[in-house]
Amino acid sequence: MILVTGVSGALGSLVHRRLAEDGAPVLAGSRTPPDGGRTVDFDDPAALAEAFAGVDVLLLVSAGYADDDVVIARHGAAIEAAVRAGVRHVVYTSIAGSGERMTLAVPHRWTERALAAAPLGWTVLRNGLYAEFAGTLAGLGAELAAAEGVFRLPWGPGTLPVVSREDLADAAARVAREVQGAIDAGRPVPHAGRTYELEGEAVVGGADLAGVLAEVLGRPVRYEPSPLRETWAVWEALGADPYQRGHAVSLHSNIAAGFAVAAASDLPGLLPGRPRAARALIASTVRAAVAAGG
Ligand SMILES: NC(=O)c1ccc[n+]([C@@H]2O[C@H](COP(=O)([O-])OP(=O)(O)OC[C@H]3O[C@@H](n4cnc5c(N)ncnc54)[C@H](OP(=O)(O)O)[C@@H]3O)[C@@H](O)[C@H]2O)c1
């Protein structure tokens, strides 16, 4: 039996749906589970071993929206409970090498190390940054772009490799399904001890995002690199928590410095076809943001 955590979230819901559609034996794990699902809250460690009972493959979707110590405690509790419950294999959604120097990577790399030391099988899926996220950043600049034809972002000449969540969900579902299939058949488990870099093919910079805004808004939009310092105020105005502001500054700083670069990607080998087109996805995210903004 496979258990997918975080199924109310964007990635977990896609992975769970893929597995269910494929007829794989799968349970939905969530803090607010659907009928027939399991209550999975990493902040309630005492209840986790019971939540994981009878599970062979735990697809652990990172629960990253908190300060690092909280995320580390969550993931540590999930791994400990998986061991106690007799889970055979954990598939963990981490962050790709292009994010290596970003502060976001700290709890992910901690979790990878904890998994490697745990007495169970594991596969690490190092997910690239979502194309949808790049679309969100462009969407935040839509109002200014519409009024003044300018898109500001502190990326300098830097770029970011991006990937669609749907592709990452396809890859995750395939790995979980193949691991479960091997366990059921008593065969050697594929993907065991493997760390896959799931980077997107598409690379976007500030000028590309300005180009998407221009297309969506139907007017010329020029990219104007802004100082990194503005990020603190921009994210504070959005109501972001202090830890989110820190991650945003670190992410922008890495991109501007040219560190957000992808090495070879394992993604094409795990997908049934070509990766989804990131630019179209960014454009649809921007379109939705513009529509929501009135
Ligand atoms: N690669 C990227 O670009 C990128 C961008 C943003 C985030 N991420 C990371 O990737 C993860 C999945 O992304 P996403 O787009 O699916 O994010 P999302 O839509 O925000 O979903 C995150 C899910 O994490 C689960 N979660 C939160 N706190 C939890 C807890 N205490 N115990 C158990 N589960 C908890 C929740 O699921 P339930 O509500 O069902 O419990 C939540 O819906 C994020 O959590 C984050 O760590 C990656």
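Just so it is clear, the model here is predicted, and its values are computed rather than measured.

Another aspect to go through is the site of the ligand. The ligand sits among 22 residues. The nearest are A10, L11, S30, S62 and Y130. Between the ligand and the protein, one listed contact pairs an oxygen atom with a backbone N or O atom of S8 at 2.9 Å. Measuring from an oxygen atom of the ligand, one finds a side-chain N or O atom of S30 at 2.6 Å. Within the complex, 84% of the 880 Å² of free accessible area of the ligand lies under protein. Every element with two or more residues in the shell around the ligand is listed here: α1 (10-21) and β7 (129-130). Class assignment for the residues of the shell around the ligand results in ten nonpolar, seven polar and five charged.

Turning to unusual backbone geometry, a few remarks are in order. As a rule of thumb, non-glycine residues mostly have phi less than zero, and peptide bonds are mostly trans rather than cis. Look at H191: it is not a glycine, yet its phi comes out positive at around 70 degrees. Residue position: H191 is located in the loop between α7 (165-185) and β10 (194-198). For H191, a relative accessible area of 11% corresponds to the buried category.

As a further point, take the sheet that holds strand β11 (residues 202-205). With mixed pairing, the three strands of this open sheet are ordered in space as β7-β9-β11. Strands at the two margins of the open sheet, each flanked by one partner only, are β7 and β11. By the bridge criterion, two bridges tie β7 to strand β9 (residues 159-163) in an arrangement that is parallel. Residue pairing for β9: L129 is matched across the bridge by V162.

Each value, and the rule that gives it
- Throughout, residues of each chain are indexed from 1 in the direction in which the sequence is written.
- Selection of residues for local features in this predicted model requires a pLDDT of at least 70, selection of side-chain atom pairs for listing and counting requires 80 or more, and totals for whole chains, interfaces and linings are taken over all residues.
- Water and hydrogen atoms play no part in the side-chain values, which are based on all heavy atoms of the structure.
- The cutoff for a nearby residue is simple: one of its non-hydrogen atoms must lie within 4 Å of the molecule or strand.
- Two N or O atoms count as a polar contact when they lie within 3.5 Å, although within protein this holds only if one can serve as hydrogen donor and the other as acceptor, and sequence-adjacent residues are included solely when both atoms are side-chain atoms.
- For the accessible areas, the method is Shrake-Rupley and the probe is 1.4 Å, while residue cover comes only from the protein chains on display.
- Each helix corresponds to a stretch of at least 4 residues labelled H or I by DSSP, and each strand to a stretch of at least 2 residues labelled E; elements are numbered beginning at the N terminus.
- Under the convention adopted here, Pro, Cys and the residues Ala, Val, Leu, Ile, Met, Phe, Trp and Tyr are nonpolar, Asp, Glu, Lys and Arg are charged, and Gly plus all remaining residues are polar.
- Three exposure classes are used, based on accessible area relative to the maximum for each residue type with a 1.4 Å probe and protein chains only: buried under 20%, partly exposed in between, and exposed over 50%.
- The pairing criterion for strands is at least two bridges between them, as found by DSSP.

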